[in-house]
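Close look at the chain arrangement
So you can see what is in the structure, the chains are spelled out below.
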Amino acid sequence: MDVQVLCCLCYWLLLPLSLLAACIFRYNALSLIYLLYLLLLPLFFGPSEHTVRGHTGRLLKALLGTSILFLCAQGGFQVALYVLKDEDLLGYNCSTWETLSRHIGVTRLNLNDIANSIRLVAPDLGIFIISCITLVFCSRLTKKKKSILSKDAVSSEEEDVEEEGSELEDTAEDEEDAAERERRRQARVAALARLRTAAQKLLEATGKIVAIVLLALAGITVPSAFSGVYYLLFIGICTWWACHFPMSRIGFNTICVMVAFYTAGHIICLYIYQTAFIQEMFPSDGLWSRLFGLKDIIHSNCSHPHELVLNVNHTWPAFANFAVLLLLYYTVASLLKLKKKTGPTDVARKNGEDVELVNLEPCSMKQNESDDEAKPMLQPVVGDHGEGDSDTVHVIGGPGQPDAVETLSHPPTLAPRYSRSLLHGLGHVMMQQSYICALIIMMVWSITYHSWLTFVLLIWACLIWIVRSRRHLALFCSPFILLYGILLCSLHYVWGMDLTEELPTKIGFVVLKQLGLTREDHCLSLGVMLLYTLTFWLLLRQFVKEKCLKRKEVLLKEVTVPEPGQEKNDVLKLLGELAMSFYAKYWIYICGGMFFVVSFAGRIVVYKIVYMFLFLLCLSFYQVCYFLWRKLLKVFWWLVVAYTMLVLISVYTFQFDDFPHYWMNITGLTEKQLGDMGLEKFGVSELFSSILIPAFFLLSCILQLHYFHRCFMQITDLEHVPTKGSGPLHRLKENLAARSEEAAELLGNGAAEGTGGEDNERPVAEDSRLDEEIAGNKWGLVIDRLLVLFLKFSKVLNSIQVKIWRLLELHMMKLVALFSVWVALKEPSVMNFLFIVLWAFAMPFAKFRPMASCISTLWVCIIVVCKMLYQLKIVNPTEYSSNCTAHSPNETNLKADEFMHSGLYRGPVDPANWFGFRKEFPVLAYLQDHLLLLMLLVFEITVYRHQEHYRKYNQMARPTTSTLFPEIARQHLDQSVISCAKYFSNFFFYKFGLEVCLIMTVNVIGQRMNFLAIIHACWLIAVVTRRRRQAIARLWPKYCIFQSLFLLCQYLLCLGIPPALCLDYPWRWPSPVTIHSSLIKWFYLPDFVVSPSSKHLFYDFLLLMCSSYQWQVFIDERKEEVYTKAGENTDNPDPMTGKDLNPVPNFIYCRCYLDMIKAVVFRYLFWLVAAVIFAAGSTRISVFGLGYLLASFYLLLLGRRLLLKPAASRLNFWDCLIMYNITVMIAKNMLSLLACVFLKQLQSNFCWMIQLLSLHCTIKGYYNENDLKNPGCSLPVGEAGVLWDSICFFFLLLQRRVFLSYYFIHVTADMRASKLQASRGFQLFNASIIKNMNFLCEAEMKSKAQIKRQMERIRGKQEKYRRGERNPNDPSEKDEEDKEQSATKEKSQEKRKWWHPWADHTKVLQSGDYYLFESDSEEDEVCVQEEQKPPKHSAFQMAYQAWVTNAKLALKNRKEHKKLLQKFKHDAETHRRSQKGVKERDETLQQEPSNDEEEEE
């Protein structure tokens, strides 16, 4: 580690810590001298090669000598005591000499108490060691410096010699490179100098701020006469700064010196007071000790002189006071030393002048950096805003100096200016709005510290808030507000002193505690108060600044400095407009949320109900009459502000003593009634929340009224909507584009100048400035690019937002209706019955829907207010509740357990419960459903008005159809998957609404499974049996009206009769036939034991909603603008009737992904349906599944034939399947009576019926599962219900729509074509077989004819032999016969080898073998072989083949062709030889019979 670092570590860390430890662990005169060294230490500079030889070295040597002297004194005194121990020089412990020696620091050591002995001696030894180490390192530092200097001298001489040699050797050094390096070095030096200056200024400013903060802490830690100096000095400095009074360096240094000396004396006094002598002189409970804040942290007793006792009775500020003072002293001393170190290098512009540059309006930041005398003490906010083309600087002259005009002509640099302009612009805006913070702090101060004095601040702030020119009034009152705040702090400071006995608690009839003058947590309270007062100082500073701007006298001079920067101002203004428009849009939501907070925080009282009433009144006007709402909105905010101020004042003053009695006397109300009004005494935490919440609510309403109301009214004006392109976002885009072009041009110019030849002649400052400009432009471009990306992202987000708003516009009504009915069904009551009535008729009749929304809003407001009023303590249900428990159990047929669970007999009946009111806590959870419904209703109308504003802003017409993508029509359906998805998002319900309604009906049946579900099933049969869409459309209005009325009847059944009448239902009267509770539930009858489940009606309302929208679809189908865009809805079994071409494209060949999806749906869905039908029959083993299995087998076996049948036949079969499916569901619904009511009886006697019909109750609540556990008859738990029937119904309906579509025509056409092609192939195959048979017949006929010819020849030959036409003695004939015989023998021998080895010549002659026949068939066979002979390929054919394929393949084919020809020739030669042999054999055989005949003759 470097020696310099070690020296600093020892000097600034180890040495102060050792001195502080010596002072803390020992309190005597010796430690006091160490304390003086500790206080002297920061006044000297740190160890360096210069200071070690000067005062710092002398201080270290003096400290070393002092420690040695103290060690010698300790050792000599102990030796003297040991030598003269018999004389007892010091005497006993409490003697005068012993006490004096103990206070001096040399005393008798007790060897029995080693720890305290070490404590008394160790400080001197430790300081001796640390000071020795520090001196050693400092001496090494000076030696190292000397060695470095000698080495530098030698090296410089050697470098001079080398330079001379190098100059002699190389005189042609490149001067341009040297100049470039020199310029770069100077630029680096300049940059380091600027960085060092900036760091030094930052350190100095930070030191000032820390010193002032420590000054305040030193004043408020222990309020006393000593600490009051710090407090007053802090107040004075801050007020001086707030008034913009100048302060020179000399004045500030004087204050620092005074504070340092005073703090040192204060520390010494506190240290001396820890000795026993001073504590005896000034007791800790004495007036002077308490007045001056002298705390006995350490106790010492003469009986035990070496023991230190820590006084733990003091609070923590007493212990922290010494540390704060020491930190303050060190900070001030360091700041003085920093000023002293930098002072000689800075030259003031004018000696002795006291000048302050005040940021009265945008001005230049380029002040003379060396003008330290003219700078204010706390670095005021001074100017480079870059907000205009000209900047104005106001120079206020100091004493003895006339006002002068300063011309600041330093060239600006772009990068620092850009950041400074942004930061200082933000600071300028904050200072301009400082009055808001001051008014908020006034209200918070009054809430934090409840007293009459702070109540003045609350009234003061409220009065300023309601004034129109509130900013001007706040600035005008700023001196008085500051004085009052300082007065409050000073009074609290005085009462924070330890003068409880001396300070009065009551002056006349005024109790000072009511004024807030108490001594409780004085340190934290004073700190918070001074922090609050800081905003008052800022307000006063802004007031003085603006006051100076208005001066038009000689004392004010203006200097205009032309400076670019208007574009930055424009960007800031545009960003400000965006922020303002954002707050104007959404701040009202914060105010609305605060209505809920202030209304439901804590217990419900009258003033909170009034808040909610005002809020609900505003929402009602917004929903019902938008024009009137806009007119009354400002009046509403003023009313809320006035009422909130009244509430604040009432609650605030009610907490003072005797005020509850005043209120009771004036109003005549009891304490309980006042509590319901909201006037009650609170604890500390409850008081804070009960006042803070209305105060913040008042603040939010005032901000909305004064800052955002006008802009909000402009945004929400539907009559005067601005056109597109006039908003701040559009102007920001244009500004960014212009700035990007300008920055690119500047970068290009800078690059062009950088390549010129004048760079070497350019000054270094100008080069560095140009580099900073280019760097600033680069960072500006980066910021611009980020803003451009943000704008692009906002564009994408805006497109998504448009679609979301459109989606909400289409479906918001449905959400409101669903939630309204859900709220009514969740809590069946008379008040909620109106929601059912409204939406039950609003769904079928669309024109009634806006009125239903408005009435629902008003009714929700009434319900919320009534329920809140019912929570008041003055409403006592026990006073008017009905007692029906007087009836005996014999008056009803209820069982004992049912009697106890009956809502009529289990306790007193509150009549309000039937109307929907009951006592609940917390109230917000009780009202959350109605409040959410109210928010949903308000949001609905907001969506509609937002869309109206959006269309007017973009000059768009309202869409004619209720579609999400207006550009998508029927012709876009077959283009792509995305277009298909968009089309179905537009017209899904238009195309499949009827099927959705039928499925919802099945869902209602499955969810209910009771008597009322049979009625839905009957309607389902009535609709399905109509089959044609037109017939269903004629029936549909009646169906919708029935559902509306049926829903109302069911809700009335859930509501029942008022229980306060104490009348039970007839089926609960005593009778011979007891009606089971499960049977009552199955018939959906009202009952006090088990009320009908109202939540099941939600499925009925879903069905009603779908049916109502399907009614609208039936109407829209006849409108030309709808069916031209959405397509026609037809259910013609043969849609191609009267059409030549199919209007939809063919998808069979799957040219895209959409065609693949169509192929899956229209070709293979049929087989999926068959699989689903099979699953529906096989998963539930019952008699009903048999029909599903038969249908699935039929479809799997003959499904293809079914698909090829005519459309009418196919639909008839399919409708039969659907009817069977519906019949099964109805049968299961009827059998649910047995399964849910009489299952126990069936389980004991008819188990076979349970297994056969799969009887099991799927609706919970009828019986306990544990009661039905019977090992002899297990229940089909997983096999009951209509789940699989519903799934099957869905797929059957889907396949029916497939049958009716144009797309399915392509499938049937393809299937018919496939079938036709298969039949044609069979015909061709059959024709080829017939041809082969004909050929064989012809060959057979030829063979028969040849045989006949041969027989004729044989017969002719025999006739010749018989007639003797041949001469056997003819030698020629004999020779021929001999040749024939010899050939025949050879042939016969040859034949004998492979034909018939057992046959000889005699047997052949006797059997009349085939030798008698002559055959000419070889000629025909030769002809056939000639026809089968492959043709020869010519050279042209070979060349063509090589050109088409390639030469190698052509040669290969030629070789194969040659092999084929050779094989054919070989086979032909073999056949020819065999035919020749056969012929010769025949001739031989013909000669042998003639020889036999001759022998016989």
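Values in this document were obtained by computation on a predicted structure and should not be read as measured data. (Residues numbered from 1 in each chain as written. Predicted model: local features only at pLDDT ≥ 70, side-chain atom pairs only at ≥ 80, totals over all residues. Heavy atoms only, no water.)

On a plain count of helices and strands, the protein chain comes out with 48 helices and eight strands. The long-range share in the protein chain, meaning contacts at least 24 apart out of those at least 6 apart in sequence, stands at 78%. When the accessible surface of the protein chain is summed, it comes to about 80,000 Å², and 64% of that surface belongs to carbon and sulfur atoms. (Helix = DSSP H or I, 4+ residues; strand = E, 2+ residues; numbered from the N terminus. Contact = heavy atoms within 4.5 Å. Areas by Shrake-Rupley, 256 points an atom, 1.4 Å probe, with all protein chains shown as cover.)

Side-chain pairs of opposite charge can arise whenever the charged atoms involved come near each other. Summed over the entire model, instances satisfying the criterion amount to 29 salt bridges. Between Glu-995 and Arg-1297 there is a salt bridge; the shortest N-O distance is 3.3 Å. Of the two residues, Glu-995 is situated in helix H31 (residues 977-1008) and Arg-1297 in helix H42 (residues 1283-1299); the sequence distance between them amounts to 302 residues. (Salt bridge = Lys/Arg side-chain N within 4 Å of Asp/Glu carboxyl O.)

Moving on, we come to helix H14 (residues 452-466). Along its 15 residues, H14 runs 21 Å from first to last C-alpha, staying within 8% of the 21 Å computed at 1.5 Å per residue. Among all positions of H14, only Leu-453, Thr-454, Phe-455, Leu-457, Leu-458, Ala-461, Cys-462, Ile-464 and Trp-465 are buried. (Expected span 1.5 Å × (residues − 1). Buried < 20%, exposed > 50% of the residue type's maximum accessible area, 1.4 Å probe, protein only.)

Before going further, it helps to examine unusual backbone geometry. Note on backbone geometry: most residues besides glycine have negative phi, and most peptide bonds are trans. Here the residue pair Phe-921 and Pro-922 is connected by a cis peptide bond, since its omega of 0 degrees sits within 30 degrees of zero. Tracing the chain through its elements places Pro-922 in the loop between helix H29 (911-915) and helix H30 (923-953). For Asp-658, which is not a glycine, the phi torsion comes out positive at approximately 75 degrees. Looking at the element boundaries, Asp-658 is found in the loop between helix H20 (626-654) and helix H21 (659-667). The exposure class assigned to Asp-658 is partly exposed, which follows from its relative accessible area of 45%.

Attention shifts here to helix H39 (residues 1207-1237). In a regular helix each residue adds 1.5 Å, so 31 residues correspond to 45 Å; H39 covers 45 Å between its end C-alpha atoms and thus fits that length. A maximum bend of about 35 degrees is found in H39 at Leu-1231. (Bend = angle between axes of the 7 residues up to and from the residue.)

Right, let's talk about the side chain of Ser-700 for a bit. On the secondary structure map, Ser-700 appears in helix H23 (residues 684-715). Residue classification places Ser-700 among the buried residues on the basis of a relative accessible area of 5%. A polar side-chain atom of Ser-700 sits 2.7 Å from the main-chain carbonyl oxygen of Phe-697. (Polar contact = N/O pair within 3.5 Å; in protein donor to acceptor, adjacent residues only side chain to side chain.)

In total, this model carries ten cavities of 30 Å³ or more according to the counting rule given. Lining the second largest cavity are 16 residues; nearest its centre among them are Lys-1228, Ser-1254, His-1256, Ala-1280 and Gly-1281. By residue number, the principal contributor to the lining of the second largest cavity is H39, which donates five residues. (1 Å grid on protein atoms, 1.4 Å probe; cavity = no way out; pocket = protein on both sides within 12 Å on 5 of 7 lines; lining within 4 Å. Points joined across faces, edges and corners; volume = space filled by probe spheres on them.)

Time to look at the packing of H31 against helix H32 (residues 1011-1024). As a packed pair, H31 and H32 sit with axes 9 Å apart at the nearest point and diverge in direction by 155 degrees. For the element pair H31 / H32, the angle class is roughly antiparallel. The interaxial crossing formed by H31 with H32 has left-handed handedness. On H32, the residues that touch Leu-998, Thr-1001, Val-1002, Val-1004, Ile-1005 and Arg-1008 of H31 are Leu-1012, Ala-1013, His-1016, Ala-1017, Leu-1020, Val-1023 and Val-1024. Of the residues belonging to the contact of H31 with H32, the class tally is ten nonpolar, two polar and one charged. (Axes fitted to C-alpha atoms, helices over the stretch in contact; angles between N-to-C directions. Parallel < 35°, antiparallel > 145°, perpendicular 65-115°, else oblique. Left-handed = near helix turned anticlockwise from the far one by under 90°. Nonpolar A, V, L, I, M, F, W, Y, C, P; charged D, E, K, R; others polar.)

Within the largest apolar cluster, 217 residues are counted, with the highest numbers of intra-cluster contacts made by Trp-839 and Phe-1101. Excluding anything up to four places from it in sequence, Trp-839 contacts Met-813, Val-816, Ala-817, Ser-820, Val-821, Arg-849, Ala-852, Ser-853, Ser-856 and Phe-1101. Counting 94 residues, the second-largest nonpolar core is a separate cluster that includes Met-1000, Leu-1211, Leu-1217 and Ala-1235. (Core = buried A, V, L, I, M, F, W, Y, C linked by side-chain atoms within 4.5 Å.)

With that settled, the discussion passes to the state of the cysteines. A full pass over the atoms with the stated rule returns one disulfide. The residue that forms a disulfide with Cys-1236 is Cys-1257, at a sulfur-sulfur distance of 2.1 Å. Disulfide Cys-1236-Cys-1257: torsion about the S-S bond near 90 degrees, hence right-handed. A residue pair is termed long-range when its members are at least 10 positions apart, and Cys-1236 in helix H39 and Cys-1257 in the loop between helix H41 (1247-1253) and H42 qualify at 21 residues. By relative accessible area, which is 5% here, Cys-1257 ends up buried. (Disulfide = S-S within 2.5 Å.)

A contiguous patch of positive charge, built from Arg-1454, Lys-1455, Lys-1458 and Lys-1459, is present on the exposed surface. The residue Lys-1455 is located in helix H48 (residues 1447-1496) in this model. Residue classification places Lys-1455 among the exposed residues on the basis of a relative accessible area of 58%. (Patch = residues over 30% accessible without salt bridge, like charges linked within 9 Å, V, L, I, M, F, W, Y side chains within 5 Å. Lys, Arg positive; Asp, Glu negative; His and termini not counted. Charge placed at Lys NZ, Arg CZ, Asp CG, Glu CD.)

Once that is clear, we can look at the packing of aromatic side chains. Taken as a whole and judged by the stated rule, the model has 73 aromatic pairs. Judged by centre distance (5.0 Å) and plane angle (55 degrees), the rings of Phe-582 and Tyr-586 are tilted. Taken together, the residues span about one helical turn, with Phe-582 and Tyr-586 both in helix H18 (residues 566-600) at a distance of four residues. Since its relative accessible area comes to 48%, Phe-582 is described here as partly exposed. Between Tyr-611 and Tyr-643 the ring centres are 5.0 Å apart and the planes differ by 75 degrees, which places this aromatic pair in the edge-to-face class. In this pair, Tyr-611 sits in helix H19 (residues 606-624) while Tyr-643 sits in helix H20, placing the two residues 32 residues apart along the sequence. Take Tyr-611 and Tyr-643: they sit in the same class, and that class is buried. (Phe/Tyr/Trp six-rings, centres within 6.5 Å; stacked < 30°, edge-to-face > 60°.)

Looking at the secondary structure, you find Asp-717 in the loop between H23 and helix H24 (728-754). One polar contact links Asp-717 to His-720, side chain to side chain, over a distance of 3.1 Å. Leave out the neighbours within four places in its chain, and Asp-717 touches Arg-630 and His-949.

What follows deals with the confidence of the model for the protein chain. Summarising the model, the protein chain shows a mean pLDDT of 78, and 77% of its residues fall at 70 or more. Note on residues 344-420: pLDDT under 50 across the span, and 188 contacts to partners over four residues away in sequence or across chains. Every residue in residues 750-766 is under pLDDT 50, and counting partners more than four places away or in other chains gives 13 contacts. (pLDDT = per-residue confidence, 0-100.)

Moving on, we come to the packing of H32 against helix H33 (residues 1029-1055). Orientation of H32 relative to H33, taken along the N-to-C sense of each, is 170 degrees, at an axis distance of 11 Å. By the angle class used here, H32 and H33 are roughly antiparallel. The segment H32 lies against H33, with Leu-1012, Ile-1015, His-1016, Trp-1019, Ala-1022 and Val-1023 engaging Ile-1032, Leu-1035, Trp-1036, Lys-1038, Tyr-1039, Phe-1042, Phe-1046 and Gln-1050. Residues that form the contact of H32 with H33 fall into these classes: eleven nonpolar, two polar and one charged.

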